[in-house]
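Given next are the chains, with one letter for each unit.
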Protein chains: 2
Amino acid sequence: MINEKIAQAISILNEKQIDAWLIFVRESHSLHDPSLELILGAHCTWQSAFFISANGETIAIVGNLDAAAIRDAGAFKTVIPYTTSIRDELLATFRKIDPKTIAINYSTNNYMADGLTHGMYMVLCDLLQGTDYPNRFISSEAIVSAIRGRKSPAELSHMKTAIRYTQAIFDQVTDYVRVGMTEQEIANFMKGEVEKRGLEVAWDPETCPSVFTGPDTAGAHYGPTSRKTAAGHIMNIDFGVKYNGYCSDMQRTWYFKRSNEKSVPEAVLKAFNTVRDAIEKAAGFLKPGVQGHEVDNVARQYIIDQGFAEYPHGLGHQIGRAAHDGAGTLCPVWERYGNLPFLNVEQGQVYTLEPRVTCEGYGVATIEEEVVVTKDGCEFLSDPQRELYIIE
Amino acid sequence: MINEKIAQAISILNEKQIDAWLIFVRESHSLHDPSLELILGAHCTWQSAFFISANGETIAIVGNLDAAAIRDAGAFKTVIPYTTSIRDELLATFRKIDPKTIAINYSTNNYMADGLTHGMYMVLCDLLQGTDYPNRFISSEAIVSAIRGRKSPAELSHMKTAIRYTQAIFDQVTDYVRVGMTEQEIANFMKGEVEKRGLEVAWDPETCPSVFTGPDTAGAHYGPTSRKTAAGHIMNIDFGVKYNGYCSDMQRTWYFKRSNEKSVPEAVLKAFNTVRDAIEKAAGFLKPGVQGHEVDNVARQYIIDQGFAEYPHGLGHQIGRAAHDGAGTLCPVWERYGNLPFLNVEQGQVYTLEPRVTCEGYGVATIEEEVVVTKDGCEFLSDPQRELYIIE
């Protein structure tokens, strides 16, 4: 997989006419540039420079203690160890490649492309003092976004498997849950099922799965509590697993029917159906070349038109090795998102679609599906939830 | 523990006459500023600002979805959620605190104090454009170094427990190993013992434990291989565990006696004893007020005087919540260490002491002990290895 990603990086450098990509890092156990797992597959302790050039060179300059492991990881053809300072080898490598433009590992917009710390940026500029190279720096966000975004068939296959496991565990939840169980009980049951299958959860186990029941929950990004499910509650769960290094991220919604209810209350049905249909409409619009904010707006406007408040977040994010995989996002034009809403959707990207609607007095209806962008549209990777799950 | 650390931070701000400390981060699941686990104990997704002021204010400005979890974590008294942009609340908070100096989370020297990415630094400067605040920025490395370095009694107690577990497992290795076992077999045995005790290893399981046997090993920072122990081999192991969030990091050395050897070869003994005595001499010198490079030099010069090559790394590093805990280091004046060798040793810091000597034809002799700096010297937290462990 790593050699595949390095080949992809070289081809993207040529496509974008960038001479070289430099990842400059240290102590990767403490602060890990997410690109390292794509192109290195090892750790480094001292200041380390990883160059990939448009003409196919791969050069690593690393501390002497790290050199053997990085050499044997096999991703970089040239591994240069140093002991007291990286300066001489770094300068020699810059002079050898002599890049007119060099992409380095920072980004104001894409957090997955922003592994260069400010301290290390200062160190890098200091090491190159007196040369013209700092003037040739550009952000490597376009490279990282393309490498993470464009999924290979092998990557898609892992992601589909992760989704199948996720759906199987959601189905078990439907059989398992009863009125009076706590959110924690339900989350623990799901974690047990993850463990039985030898998998791990897709993000922090404190909030994966997240279980929310009833009208008084935190709403999102909150761990399961001792709150009990009750008749008349909407329950939603946010959950994903990691399979062979690739994540799923999905949400499903249940309703606990009251004993005197013949059918699900109209308000609950309307909330659920609005979320479901907003996803359907956004998926119908999603295709290469459109911008993220346009896709978000399709779902957002539909929800507003049905008389609900708009969701206080984006419609969806990319997913891959990380549940939140960075780069182009289906989100509104809010300052906090930087340029992410303006990036063009590309074939091979995988997005979540996850609008939400609050149903006063009952809880929050959410569905999160995953879609892959095709040549002229998108395909669902998950089996979309078409009907509310009802617990009698 | 988090409230203790926040109180410590406020007292350090006053001691160092800094008006406020700002940690500016986003998507902490992908790139986690190590300070967050000290002062927050939760994750954040969108751009987030955590202020601690010298007069005791604690203010968090976070994305709306993260606000409930961060409020309930209880560390920050004021939690301000935002939806579309952090700008207005950030500016209002800067104006309210109006710091003359504000320490922000970057450092050229201390990697544990360098969680601000360069992209986020640019975002921060952009958000504060037109104000004087960026001119008041200083690095928060002095704050982070003091908070991580000065251990409380509770922290020391956890670290001692981690050391006791580590030593117990080393003792089991001495009983377990036989000629002909692979490095991987020995490492797996140790991992099993870690798991039995409900602990986790102190760093990346790929290289914790590291097991090196014989004269042809990678030397350091390399995972256990299928290489087999043999009579006439020196074996060394680098290993640590995490207990209640606190790490140990220790090394021990064994010798596999040949059947025709009455005693351990002189060369092997000399190598081991040189490492042992170098540690003893450095510990005798270590006390508050000395600088790291002076301590390193005591051990380094002793080893050179015994006719061995100097070790290609520092004598020791601080340890705490991370095995490599950053800040003042017992290391030579090499450019790659920045200012770390020049920092004064302080009471309450815990250092490793880990020189190494290569014994030609046999392997590498290493010992790694842990010491805590006292009022006028230091005390061993580990029971030092005084004698080479011999496998008959």
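Residues numbered from 1 in each chain as written. Chains lettered and ligands numbered in written order. Predicted model: local features only at pLDDT ≥ 70, side-chain atom pairs only at ≥ 80, totals over all residues. Heavy atoms only, no water.

1. Topic: the domain arrangement of chain A
Residues and elements named next belong to chain A. Each domain of chain A was delimited in the assignment, giving domain 1 (2–148) and domain 2 (150–391). The centre of domain 1, based on its C-alpha atoms, is set 35 Å off from the matching centre of domain 2. The interface is formed by 17 residues belonging to domain 1 together with 13 residues belonging to domain 2. Carbon and sulfur atoms supply 39% of the area buried between domain 1 and domain 2, which totals about 1300 Å² over both sides. Between glutamate 155 and lysine 5 there is a salt bridge, and its shortest N-O distance comes to 3.1 Å. For the pair domain 1 and domain 2, the interface holds 12 residue pairs in polar contact (both at pLDDT 80 or more). (Domains from an automatic or database assignment. Contact = heavy atoms within 4.5 Å. Buried area = accessible area lost by both parts, 1.4 Å probe. Salt bridge = Lys/Arg side-chain N within 4 Å of Asp/Glu carboxyl O. Polar contact = N/O pair within 3.5 Å; in protein donor to acceptor, adjacent residues only side chain to side chain.)

2. A closer look at the packing of helix H1 (residues 2–15) of chain A against helix H6 (residues 141–149) of chain A
All names here are of chain A. Here H1 crosses H6 at 135°, and the two axes come no closer than 10 Å. Classified by the angle their axes make, H1 and H6 are oblique. The two elements H1 and H6 meet at a crossing, and its hand is right-handed. Contacts between H1 and H6 pair Lys5, Gln8, Ala9, Ile12 and Leu13 from the former with Ile143, Ala146 and Ile147 from the latter. (Axes fitted to C-alpha atoms, helices over the stretch in contact; angles between N-to-C directions. Helix = DSSP H or I, 4+ residues; strand = E, 2+ residues; numbered from the N terminus. Parallel < 35°, antiparallel > 145°, perpendicular 65-115°, else oblique. Left-handed = near helix turned anticlockwise from the far one by under 90°.)

3. Structural notes on the sheet that holds strand S17 (residues 378–380) of chain A
Strands in a sheet are paired, the pairing made by backbone hydrogen bonds, and the direction either parallel or antiparallel. All names here are of chain A. Overall, antiparallel pairing links the 3 strands, which are arranged S13-S16-S17 in an open sheet. Two strands in the sheet have a free side with no partner beyond their single neighbour: strand S13 (350–353) and S17. Each adjacent strand pair in this sheet contributes to an overall mean axis angle of 35°, direction not counted. As paired elements, S13 and strand S16 (residues 369–373) share 4 bridges and run antiparallel to each other. By the bridge assignment for S16, valine 350 is matched with valine 372. On top of the sheet, helix H9 (residues 266–285) reaches S13, S16 and S17; it is set at about 145° to S17, its chief contact. (Pairing = 2+ DSSP bridges.)

4. Comments concerning the side chain of serine 85 of chain A
The topology assignment puts serine 85 of chain A in the loop between strand S4 (78–82) and helix H4 (87–97). A residue is classified by how much of its surface remains accessible, and serine 85 of chain A, at 17% relative accessible area, is buried. A distance of 3.0 Å separates a polar atom in the side chain of serine 85 of chain A from the backbone nitrogen of arginine 87 of chain A. Here glutamate 335 of chain B takes part through its side chain, which lies 2.4 Å from a polar atom of the side chain of serine 85 of chain A. If we skip the residues at most four places from it in the chain, serine 85 of chain A touches Glu335 and Arg336 of chain B. (Buried < 20%, exposed > 50% of the residue type's maximum accessible area, 1.4 Å probe, protein only.)

5. Some words on the packing of aromatic side chains
For the structure on display, the rule yields 26 aromatic pairs over all chains. Between the aromatic rings of tryptophan 46 of chain A and tyrosine 337 of chain B, the centroid separation amounts to 5.9 Å while the plane-to-plane angle is 65°, which identifies the pairing as edge-to-face. With tryptophan 46 of chain A in the loop between helix H2 (36–39) and strand S2 (48–53) and tyrosine 337 of chain B in the loop between helix H10 (292–305) and strand S13 (350–353), the pair connects residues from two separate chains. Look at tyrosine 337 of chain B and you get buried, because its relative accessible area is 7%. What links up through ring pairs into an aromatic cluster is the set Trp46 and Tyr82 of chain A together with Trp334 and Tyr337 of chain B. Positioned over the ring face of tyrosine 337 of chain A is arginine 336 of chain A, at 3.9 Å from the centre of the ring. Directly above the aromatic system of tyrosine 311 of chain B lies the positively charged group of arginine 300 of chain B, at a separation of 4.1 Å from the ring centroid. (Phe/Tyr/Trp six-rings, centres within 6.5 Å; stacked < 30°, edge-to-face > 60°. Lys NZ or Arg CZ within 6 Å of the ring centre and 35° of its normal.)

6. Considering the relation of the copies chain B and chain A
Here chain B sits on chain A after a turn of 180° about the axis and a move of 0.0 Å along it, with an RMSD of 0.0 Å. As the rotation angle and translation indicate, the two copies are arranged about a two-fold axis. Both copies share a contact surface, since 100% of the interface residues of chain B are interface residues in chain A too. (Least-squares fit on C-alpha atoms with pLDDT ≥ 70 in both.)

7. Some details on the confidence of the model for chain A
The share of residues in chain A with pLDDT of 70 or more is 100%, and the mean pLDDT across the chain is 96. Reported confidences for the modelled complex are a pTM of 0.92 and an ipTM of 0.92. (pLDDT = per-residue confidence, 0-100.)

8. Focus: the sheet that holds strand S7 (residues 200–201) of chain B
Residues and elements named next belong to chain B. Taken together, 3 strands build an open sheet; the order of strands is S7-S10-S11 and the sheet is antiparallel. Single-partner strands in this sheet number two, and they are S7 and strand S11 (246–247). Bridge analysis of strand S10 (residues 241–243) against S11 gives 2 bridges, and the strand direction is antiparallel. Within S11, the position partnered with lysine 242 by the bridge is cysteine 247. In the packing of helix H7 (residues 153–176) onto the sheet, the strands contacted are S10 and S11, and the crossing angle to S10 comes to about 140°.

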